Each structure stands twice: as C-alpha cells, then as structure tokens.
Protein chains: 2
Amino acid sequence: MARAATTSDVFNAIAEPQRRDILALLRAGERPVTDLAQELGMSQPRASKHLRVLREVGLVRDRKAGKQRLYGLDARGLRPVHEWTGGFERFWNESFDRLDTYVQDLKQTWQED
Amino acid sequence: MARAATTSDVFNAIAEPQRRDILALLRAGERPVTDLAQELGMSQPRASKHLRVLREVGLVRDRKAGKQRLYGLDARGLRPVHEWTGGFERFWNESFDRLDTYVQDLKQTWQED
DNA sequence: CGATCATATGCCTATATCGGCATGCGTCAA
DNA sequence: TTGACGCATGCCGATATAGGCATATGATCG
C-alpha cells in the first residue's frame, strides 16, 4: 500500500511544504491562482493542483471573480492539528526526567528557529 | 517526482495516522517495540519501520535495555508544527462560518500585505 | 462569433512510500 | 555453545503523489 490519500487528511495536506506556503500567503487575503503561482515560483498547473488538495480538505475556499478564481483561507481545519500537537506541549516544556542526561544537555543548547 | 521524504520533515512524519498513534502512546512513557506493535494492532516490522521514521526526524529516541529496545518520546520536534498552525489561530477564531461574498468583501480591507 | 486571458485537468514519468514476509543480528538464559 | 527472544532490514508489490506539458473549460471583450 501507498501512503494514505492527502485528499482526506489535513495532516497529509500540510505535509507538503509548498502547500504550507500557499496557506501562509493566503493569510494576507484572497488571491487568484496565477498570483499565487508567480509569488511562489511555481507553474500554474502546479499551483492549481495544490489548491485543489487544499480545497478538498477544506483549508481553502474559492469563489469566481470574473475570469479569475479567488482562493481564500479557511483555517478552521488547522485547529485539530494545533490541538493535537498541543497535547504534547508539556513534553517539550517539562524536563525530560525519564530520558537520560544526554537529552538534558541537548535541552540546554537548544534554540530552535 | 514523488512526495518529499518523510524522513526529513516532521510534518510528513506525523502525516501518517499510525505514527501519530505511536507518539500518543509514548506520552505514557518509554516502551519496547513489541509492546507498541501489540497495543496498536500492527506487526512488529511495521512498528519498527514507523519508529524508524519517527527516530529519523527526532520525535522519538531509543535506548537499549537488554534484549529490548525502549522507545521514548522527544516531542520537541512537534513544537514547530504547533507554532506553525498557531500562526493561523486568529483565522479560525474569526467568523469564517458564513464565508459568503459579503464577508469576503469585508476582508478585502486588509487583503494586500 | 472569435480571440484571449485565467484555471482546471488529463496523461505520463519517476519516485517514495506502506505493508507483508522472511531473515539477519545482537542479547540473554540454560 | 545452542536456542529463544526482540528488533531491524531487505526485498517485493501496489499505489499515490509531485511535476511537466498540452489541452479542455470558462469567462470577458471586441
């Protein structure tokens, strides 16, 4: 078997970096496909395909605007992801007592993005 | 090209439901492979493979304990995911429920970034 | 109507899985 | 040492995916 269809799972939909980029861009407001494609340096068909996946999992919505089709963000689907990861928050905040000292050291040096 | 390697991206690693299940189970503490496999109803090789992916993206750590190999959670890698989705929080709190043209027009106030 | 712009799709290739099964390898016990 | 146990891997098959290119579909305008 291959991987589960990205089409039915938000986790899968956002597993693709370019789709995350699209979502991030859409925070600024609705945009037509060509606009997104150009801004992200991808071909139009490529952008359309990513947008289709995002639409199918409900992360974006589209509406016609003359010749164009404006895509807008609908971030509600990201909430479950945020909550799921949030369920691990105490594990990255607390001390890792169950793990060995090596990890403790890593935590000291730790400074992510 | 195929999908990006799950091995290099936490987003991809957690795109697989069974891997999320494994992570969830590990919140209770370290566990040997067979234990996890049995609890999640998957074969041992399957569990090992998922654990390998999780290990390669740094979400779990392992240590030998006699014949067994205990896997433990290292949730720090989930933090970026939590933060990324958190960047959309205000969007799912806003009233996107009735996303008709009227609302769209209102939102265009801040459309340009 | 015909031309043109904006998107969506279909077809095709290469690749990266996920899963199963059998097996290799290290560890511990007798 | 031999055997049993625990786990990792290799190999194979089926499938989904990302992208590219060409093209179908839609809408607007002259």
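The shown structure was predicted, so the numbers you read here are calculated from the model rather than taken from an experiment.

Draft legend 1. Representation of the pairing of strand β2 (residues 60-65) of chain A in the model. Taken together, the six bridges between β2 of chain A and strand β3 (residues 68-73) of chain A define a ladder with antiparallel strand orientation. Within β3 of chain A, the residue paired with D62 of chain A across the bridge is Y71 of chain A.

Draft legend 2. Just the side chain of R20 of chain A, in detail. Mapped onto the fold, R20 of chain A is located in helix α2 (residues 17-26). If sequence neighbours within four positions are ignored, R20 of chain A has contacts with I14 and A15 of chain A together with D9, F11 and W84 of chain B.

Draft legend 3. Molecular detail of helix α5 (residues 78-86) of chain B. Burial in α5 of chain B covers these residues: L78, V81, H82, W84 and T85 of chain B. Within α5 of chain B, the buried residues cover an arc of 165° as seen down the axis, which keeps them to one side.

Draft legend 4. Local environment of the environment of G77 of chain A. Residues and elements named next belong to chain A. In this structure, G77 sits in the loop between β3 and α5 (79-86). Measuring from C-alpha to C-alpha, the distance between G77 and V10 comes to 6.9 Å, with 67 residues separating the pair along the chain. Excluding residues that lie within four positions of it along the chain, G77 makes contacts with V10 and L59.

Draft legend 5. Broad picture of the sheet that holds strand β1 (residues 31-32) of chain B. Residues and elements named next belong to chain B. The strand order across the open sheet formed by three strands is β1-β3-β2, and the pairing between neighbours is antiparallel. The sheet is open, and its two edges are formed by β1 and β2 (60-65), each paired on a single side. Two strands pair when backbone bridges link them, and β1 and strand β3 (residues 68-73) are joined in this way by two bridges, in the antiparallel orientation. Bridged to P32 within β3 is L70. Lying on the sheet, helix α2 (residues 17-26) is in contact with β1, β2 and β3; it crosses β3 at an angle near 90°. Along the sheet, helix α4 (residues 44-56) makes contact with β2 and β3, crossing β2 at roughly 120°.

Draft legend 6. Representation of the sheet that holds β2 of chain A in the model. Taken together, three strands build an open sheet; the order of strands is β1-β3-β2 (chain A) and the sheet is antiparallel. Single-partner strands in this sheet number two, and they are β1 (31-32) and β2 of chain A.

Draft legend 7. Molecular detail of the packing of α2 of chain A against helix α4 (residues 44-56) of chain A. All names here are of chain A. Direction vectors running N to C along α2 and α4 enclose 80°, while the axes themselves pass 10 Å from each other. The orientation of α2 relative to α4 falls into the category roughly perpendicular. Along the contact surface, α2 presents Q18, R19, I22 and L23, while α4 presents R46, H50, L51, V53 and L54. In terms of residue class, the contact of α2 with α4 is built from five nonpolar, two polar and two charged.

Analysis parameters
Residues numbered from 1 in each chain as written. Chains lettered and ligands numbered in written order. Predicted model: local features only at pLDDT ≥ 70, side-chain atom pairs only at ≥ 80, totals over all residues. Heavy atoms only, no water. Pairing = 2+ DSSP bridges. Helix = DSSP H or I, 4+ residues; strand = E, 2+ residues; numbered from the N terminus. Contact = heavy atoms within 4.5 Å. Buried < 20%, exposed > 50% of the residue type's maximum accessible area, 1.4 Å probe, protein only. Arc of directions from axis to C-beta. Axes fitted to C-alpha atoms, helices over the stretch in contact; angles between N-to-C directions. Parallel < 35°, antiparallel > 145°, perpendicular 65-115°, else oblique. Nonpolar A, V, L, I, M, F, W, Y, C, P; charged D, E, K, R; others polar.

Geometry only, nothing functional implied.
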